[in-house]
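Each chain, written out:
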Amino acid sequence: MSFPPRSTETAEQIAINALGFIASDPVLLNRFLAITGIEASDIRHAAAQPGFLAGVLQFIAAHEPTLIAFSESASVPPAEIVKALRSLPLGDDDYERST
């Protein structure tokens, strides 16, 4: 099944929800911080940077159990999460051409 492309606003909302999902799980949060190198105290600053939200969805999508858990939690199919990733700045090589 193919879903229509996500708007940037919808993609951002999915990514914000994903960040909340990560933050609500201490194990996921520690893994996210370790992989990204971001300090917990710097998340707000980092969130304002281009590509941060795409990075959140990349983190979710890179680990299938996490992707499935977030998908179920957010009631968003995994394919939609990947499409949202591609709709965000720095989430896809073709972002600049698609805007």
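In this report, we go over the structure that sits alongside the text. (Residues numbered from 1 in each chain as written. Predicted model: local features only at pLDDT ≥ 70, side-chain atom pairs only at ≥ 80, totals over all residues. Heavy atoms only, no water.)

Check the secondary structure of the protein and you find seven helices and zero strands. Reading the protein from its N end, one meets helices and strands in the order α-α-α-α-α-α-α. Counting contacts in the protein only where the partners sit at least 6 residues apart, residues at least 24 apart contribute 68% of the total. In the form shown here, the protein has an accessible surface area of approximately 6000 Å², with 54% of it arising from carbon and sulfur atoms. (Helix = DSSP H or I, 4+ residues; strand = E, 2+ residues; numbered from the N terminus. Contact = heavy atoms within 4.5 Å. Areas by Shrake-Rupley, 256 points an atom, 1.4 Å probe, with all protein chains shown as cover.)

Our next topic: the side chain of Ser71. Topologically, Ser71 is positioned in helix 5 (residues 64-74). Residues contacting Ser71, with those up to four places away along its chain left out, are Val76, Pro77, Pro78 and Ile81.

Assignment of secondary structure puts Thr66 in helix 5. Overall, the relative accessible area of 5% leaves Thr66 in the buried class. A distance of 2.6 Å separates polar atoms of two side chains, one belonging to Thr66 and the other to His63. If we skip the residues at most four places from it in the chain, Thr66 touches Phe21, Leu28, Arg31 and Ile60. (Buried < 20%, exposed > 50% of the residue type's maximum accessible area, 1.4 Å probe, protein only. Polar contact = N/O pair within 3.5 Å; in protein donor to acceptor, adjacent residues only side chain to side chain.)

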